[in-house]
Amino acid sequence: MRKGEITAFLSIVFVLLLSFVMGILQVSSVQRSKSISRLAADRAVYSVFGEYHQGLLEKYHVFAVDGSYGTGRYEEDNLIRRMHYYGTGSMEHEITAVQYLTDNSAQAFREQVLEYMEQRYGVSLVRDYTGMTARWEEQEVQGNGMKEEQENVRGQIESLEERGQDTEELTESGENPFACVEQIEKKGILSLVMPEEMTLSGSVIDLDTQTSYRSLRRGRGVFPARKELDGPEERLLFNEYILKEFENAAGTEGQEQSEENAGEEGKTQKSLSYEVEYILSGKESDKKNLESVLLKIFLIRMALNYSFLMNDSAKQSEAETIALTVSAILLMPEASEGIKQAVLAAWAAGESVMDLRALLSGKRAALVKNSENWQLTAAALFRLGSAEDSHNGTDAEGGMSYEDYLRMLLFLSDPDDTAMRTVDRAEENLVSEEKGKRLYADQCITKLEIQNTAGLYGEITYEFPVCFGYQ
């Protein structure tokens, strides 16, 4: 047996070295636990967002998690429970920020749509239209101005009636140039412009249930947002998405796309047939939406047609002859000049009716009228809307189609209203297709920030945020 000894200095060094090693081991253990907690939270939130609504993606190319999971009953605890299911059962979670599909006038919806359209078609899809936006705005102003001309015609008719003259005398004599204007006033524009082969949809919806009308759940927190959302190119690109994904009255490309999305087995009956018209007008029935859109196009066409009539000497002479005939029948020769102006406006309205018939039949209407592409003769004006009326409108090569006018009206509409009504249609169509499941767009989550608390060692806890969002 030999005696061993250690100096006090060496003992202190040994204790310090042992403490350092143990400290390093504990720190490593804590850091490892932190990393495991972060990985577990990341994996869980990725898995939660991997449960995106499949129909919303497949049909409308938008990612979002249905926070109610098909029940229509949304609770933030639904997300917490899904996080625990995916391996964070030992952690505590608090949702500190959340973005829904409808927040800020459907900002997230628009961002994803633009991303899809840019990747699928590119900005070149709308480049040809960017130079036309100023002309569209000018046409809208001219169309609004034609409301006064319509009122003038109506005022002229009322003036005749106040003076004891009835336009029925003109109708009986076959010389009533105001017949179409009177019919539009009494029965609406649809009574004159619907093609024979077209059946008017009678579909009606409850506006109170639509996203753009009901009280919506609001998100909280701040998330990165796309800077250019309402520029001309972005608006045009979003409008092209609407025209491609939703149906309209003329049965254009939106219908074909919709039928492709519907699958091979029977196609689901949608709650509205004229979806683009609803996005433009926001009314409860197909009939009202179509009528609203057609009236806007009617006024724009009337302005163009009236401009041609005011500069065509031959048509001016014909209008003067008609005015003299009308004033003679009504025994009011002194009113011939006023009647002439009313006849010109009524003739422009009649030509606009012909244009709308052509548009609804899938044809094109000439942007600028001339003596060659003018459709309605003076004699045909008297018969417009009667049993003898058989004109359907001609196809003008190089003219504008019904879809072109929808594109123009979409650009001239408020982009926030357009986006929210687009969400209306997407939501309701998906509910119709997935019977038994309820979807609310303001419960669909696109971005999420969660504050997590994990237990590490003894009473040591670790708090850290996790953020995820669809881009």
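### Brief notes about unusual backbone geometry
Right, on to step 1. For Ser105, which is not a glycine, the phi torsion comes out positive at approximately 55 degrees.
Right, on to step 2. The phi dihedral of Ala106 is positive, around 60 degrees, even though this residue is not glycine.
Right, on to step 3. Summarising the element assignment, Ala106 is placed in helix H4 (residues 103-120).

### Quick word on the packing of H4 against helix H10 (residues 232-245)
Right, on to step 1. One can describe the packing of H4 onto H10 by two numbers: an axis separation of 9 Å at closest approach and a directional angle of 85 degrees. Our classification of the angle between H4 and H10 gives roughly perpendicular. In this structure, H4 uses Phe109, Arg110, Val113, Leu114, Tyr116, Met117 and Glu118 to contact H10, whose residues at the interface are Glu234, Leu237, Phe238, Glu240, Tyr241, Lys244 and Glu245.
Right, on to step 2. Across the contact of H4 with H10, the residue classes tally to eight nonpolar, no polar and six charged.

### Digging into helix H3 (residues 76-88)
Right, on to step 1. Buried residues of H3: Asn78, Leu79, Ile80, Met83 and Thr88, and no others.
Right, on to step 2. Looking at the packing, one finds that the buried side of H3 touches helix H1 (8-49), strand S2 (92-100) and strand S3 (444-457).

### Observations regarding the packing of H1 against H3
Right, on to step 1. Remark: H1 packs on H3, axes separated minimally by 8 Å, with the N-to-C direction vectors making an angle of 125 degrees. As the angle between them shows, H1 and H3 are arranged oblique. In the packing of H1 onto H3, the handedness of the crossing is right-handed. Residues Ala40, Ala41, Arg43, Ala44, Val45, Ser47 and Val48 of H1 lie in contact with H3, whose contacting residues are Leu79, Arg82, Met83, Tyr86, Gly87 and Thr88.

### So, the environment of Leu236
Right, on to step 1. Relative to the assigned elements, Leu236 resides in helix H10.
Right, on to step 2. Residues Leu236 and Arg32 lie 204 residues apart in sequence; the distance between their C-alpha atoms is 51 Å.
Right, on to step 3. Excluding anything up to four places from it in sequence, Leu236 contacts Val126, Tyr129, Thr130, Thr133, Trp136 and Phe411.

### Notes on the pairing of strand S4 (residues 460-469)
Right, on to step 1. Bridge count between S3 and S4: ten bridges; the pairing is antiparallel. Looking across to S4, one finds that Glu449 is bridged to Cys467.
Right, on to step 2. The hairpin turn running from S3 into S4, its antiparallel successor, is two residues long, and Gly458 in that turn takes a positive phi close to 65 degrees.

### Observations regarding the packing of aromatic side chains
Right, on to step 1. A full pass over the atoms with the stated rule returns 17 aromatic pairs.
Right, on to step 2. An angle of 75 degrees between the planes, with centres 6.3 Å apart, marks the rings of Phe109 and Phe238 as edge-to-face. Taken together, the positions of Phe109 in helix H4 and Phe238 in helix H10 put the pair 129 residues apart, joining distant regions of the chain.
Right, on to step 3. Since its relative accessible area comes to 6%, Phe238 is described here as buried.
Right, on to step 4. On the basis of an interplanar angle of 25 degrees and a centroid distance of 4.9 Å, the ring pair of Tyr462 and Phe464 is categorised as stacked.

### Description of the side chain of Arg425
Right, on to step 1. Here Arg425 is to be found in helix H18 (residues 415-433).
Right, on to step 2. In this view, Arg425 contacts Tyr60, Gln210, Phe246, Ser271, Leu272, Glu275, Tyr278 and Ile279; residues no more than four positions away in its chain are not counted.

### A closer look at the nonpolar core
Right, on to step 1. Core analysis: the largest hydrophobic core is formed by 104 residues, its most contacted members being Phe109, Tyr241, Leu294, Phe298 and Tyr402.
Right, on to step 2. Counting residues per element, this core draws most heavily on helix H15 (residues 336-360), which supplies 14 residues.
Right, on to step 3. With residues near it in sequence (within four places) discarded, Leu294 still touches Ile189, Leu190, Val193, Leu356, Leu360 and Tyr402.
Right, on to step 4. Formed by 26 residues, the second largest nonpolar core is a distinct cluster that contains Ala44, Met91, Leu448 and Ala454.

### Quick notes on the pattern of salt bridges
Right, on to step 1. With the rule as written, the count across this model stands at 22 salt bridges.
Right, on to step 2. We note a salt bridge from Lys59 to Glu433, for which the minimum N-O separation is 3.5 Å. Of this pair, Lys59 sits in helix H2 (residues 54-60) while Glu433 sits in helix H18, and the two are 374 residues apart along the sequence.
Right, on to step 3. A residue is classified by how much of its surface remains accessible, and Lys59, at 15% relative accessible area, is buried.

### Structural notes on the state of the cysteines
Right, on to step 1. Applying the stated rule across the entire model yields zero disulfides.
Right, on to step 2. Cysteine Cys467 is unpaired, with the sulfur of Cys444 as its nearest cysteine sulfur at 18 Å.
Right, on to step 3. Relative accessible area serves as the criterion here: at 49%, Cys467 is assigned to the partly exposed category.

Reading the values: rules and limits
Residues numbered from 1 in each chain as written. Predicted model: local features only at pLDDT ≥ 70, side-chain atom pairs only at ≥ 80, totals over all residues. Heavy atoms only, no water. Helix = DSSP H or I, 4+ residues; strand = E, 2+ residues; numbered from the N terminus. Axes fitted to C-alpha atoms, helices over the stretch in contact; angles between N-to-C directions. Parallel < 35°, antiparallel > 145°, perpendicular 65-115°, else oblique. Contact = heavy atoms within 4.5 Å. Nonpolar A, V, L, I, M, F, W, Y, C, P; charged D, E, K, R; others polar. Buried < 20%, exposed > 50% of the residue type's maximum accessible area, 1.4 Å probe, protein only. Left-handed = near helix turned anticlockwise from the far one by under 90°. Pairing = 2+ DSSP bridges. Phe/Tyr/Trp six-rings, centres within 6.5 Å; stacked < 30°, edge-to-face > 60°. Core = buried A, V, L, I, M, F, W, Y, C linked by side-chain atoms within 4.5 Å. Salt bridge = Lys/Arg side-chain N within 4 Å of Asp/Glu carboxyl O. Disulfide = S-S within 2.5 Å.

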